[in-house]
Amino acid sequence: MLKIERASVYFKTDQGRIVHALDQVSLDIPEKGFVVALGASGCGKSTLLNAIAGFLPLSEGAITLNGRSVSAPGSDRGVVFQKDTLFPWKNVTDNVALGLKFAGVSKAERTRRCEALLDLVGLSDFARAFPYELSGGMRQRVGIARALAADPDTLLMDEPFGALDSMTREQMQELLVTVWKQTGKRVFFITHSVEEALFLGTQVIVMSPRPGRIVARYNLDFVQRFAETGDARAIKTSSDFNDLREDIRTLLHGGQDARSAAE
Ligand SMILES: Nc1ncnc2c1ncn2[C@@H]1O[C@H](COP(=O)(O)OP(=O)(O)OP(=O)(O)O)[C@@H](O)[C@H]1O
């Protein structure tokens, strides 16, 4: 279990002002769970993800992964950002394998794992290509493969498809469901798209404007339905999907009244 217990974060700005970014957030993400966070810009989503990644300390509260306290980055958590962070001078295989090389994994094992991961993300034919030769979607596929290279327990994804065109974005969502199903990873995913959240999440959390707290939680089975049927269009045009999308849009745009009603 990934357990976040009453997590709060206060930042001190360069001018000495205190910014209360995250307020008493509690969340359990079970094994194979796929939790998606939605909320207005600045509500603390990335702060929460960065705390889970071990990039920044909590001011209050605790995060544990399978009983161990999270206080620094570790190979049990793989991270994918909106902007790809690939090394332009390294080819796809070397980008995916870099962390493994630092970890002392043998060349033969690195090659074996890279081949399997590139197959998983549909990039087997691009193993020797350089990042400049790839589209935005392909670069994010490399990012996903790289995040999976050390076989982490949990994938942390901060708006990974936010910069992609809508058709590529839908393809990437479907690819991610396949990756998630095949690897059984736990996922924490941030997006601004209500549709993306509903399609991917086994649980969607909605956060309030700063200080960020969770104001609504929805347990969903759209992603399971997609995994079983492969028919994304049928799911995204279904009445229960559309009704929920409108409810959440109202919650996000409806101000304090709607948020209170959801609690
Ligand atoms: N290092 C920092 N120092 C001071 N304030 C910070 C720092 N990092 C984040 N903040 C502030 O904390 C709040 C939450 O930021 P965060 O990036 O977590 O929001 P977000 O929900 O991910 O936003 P977006 O959707 O725009 O990416 C914001 O008001 C931001 O300005």
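Residues numbered from 1 in each chain as written. Predicted model: local features only at pLDDT ≥ 70, side-chain atom pairs only at ≥ 80, totals over all residues. Heavy atoms only, no water.

Caption draft 1: Spatial organisation of the overall build of the chain. A count of helices and strands for the chain gives 10 helices and 10 strands. Considered along the principal axes of its C-alpha atoms, the chain spans approximately 55 × 45 × 35 Å. Looking at the chain as a whole, 50% of its 263 residues qualify as buried. Within the chain, counting contacts between residues at least 6 apart in sequence, those at least 24 apart form 67% of the total. Of the accessible surface of the chain, which amounts to about 12600 Å², a share of 48% is contributed by carbon and sulfur atoms. (Helix = DSSP H or I, 4+ residues; strand = E, 2+ residues; numbered from the N terminus. Buried < 20%, exposed > 50% of the residue type's maximum accessible area, 1.4 Å probe, protein only. Contact = heavy atoms within 4.5 Å. Areas by Shrake-Rupley, 256 points an atom, 1.4 Å probe, with all protein chains shown as cover.)

Caption draft 2: Summary view of the site of the ligand. In the vicinity of the ligand, 14 residues are found, and the nearest of them are Ser-41, Gly-42, Lys-45, Thr-47 and Arg-210. Interatomic distance of 2.5 Å between a side-chain N/O atom of Thr-47 and an oxygen atom of the ligand. In the complex, the protein chains occlude 65% of the 640 Å² of accessible area that the ligand would expose alone. At the level of secondary structure, the elements contributing two or more residues to the shell around the ligand comprise β2 (18–29) and α1 (45–53). The element that contributes the greatest number of residues to the shell around the ligand is α1, accounting for 3 residues. (Near = heavy atom within 4 Å. Polar contact = N/O pair within 3.5 Å; in protein donor to acceptor, adjacent residues only side chain to side chain.)

Caption draft 3: Spatial organisation of the pattern of salt bridges. Applying the stated criterion across every chain yields a total of 16 salt bridges. Linking Lys-185 and Asp-151 is a salt bridge whose minimum nitrogen-to-oxygen distance equals 2.5 Å. With Lys-185 in the loop between α5 (166–183) and β8 (186–190) and Asp-151 in the loop between α4 (136–148) and β7 (154–158), this pair connects stretches of sequence that are 34 residues apart. Note that Glu-195 is salt-bridged to Lys-236, the shortest N-O span being 3.9 Å. Residue Glu-195 is found in helix α6 (residues 194–200), and its partner Lys-236 is found in helix α8 (residues 232–236); the two are separated by 41 residues along the sequence. (Salt bridge = Lys/Arg side-chain N within 4 Å of Asp/Glu carboxyl O.)

Caption draft 4: Structural context of the domain arrangement of the chain. When its domains are assigned, the chain resolves into domain 1 (2–76 + 153–261) and domain 2 (84–151). Taking only C-alpha atoms into account, the centre of domain 1 sits 25 Å from that of domain 2. Every contact between the two is made by 14 residues of domain 1 and, on the other side, 11 residues of domain 2. Taken together, the two surfaces of domain 1 and domain 2 that pack against each other cover about 1100 Å², and 75% of this comes from carbon and sulfur. Along the contact surface separating domain 1 from domain 2 lie 1 salt bridge. The tally of links from domain 1 across to domain 2 stands at 2 residue pairs in polar contact (both at pLDDT 80 or more). Residues of the side of domain 1 that touches domain 2, tallied by class, amount to 8 nonpolar, 4 polar and 2 charged. (Domains from an automatic or database assignment. Buried area = accessible area lost by both parts, 1.4 Å probe. Nonpolar A, V, L, I, M, F, W, Y, C, P; charged D, E, K, R; others polar.)

Caption draft 5: Representation of unusual backbone geometry. Across the junction of Arg-210 and Pro-211, the peptide omega takes the value -5°, indicating a cis bond. As for its placement among the helices and strands, Pro-211 is situated in the loop between β9 (203–207) and β10 (214–219). For Arg-6, which is not glycine, the phi dihedral falls at a positive 45°. Of note, Arg-6 is situated in strand β1 (residues 2–12). The exposed category is assigned to Arg-6, whose relative accessible area is 52%. With a phi angle near 45°, Glu-159 is a residue other than glycine that sits in the positive phi range. Along the polypeptide, Glu-159 turns up in the loop between β7 and α5.

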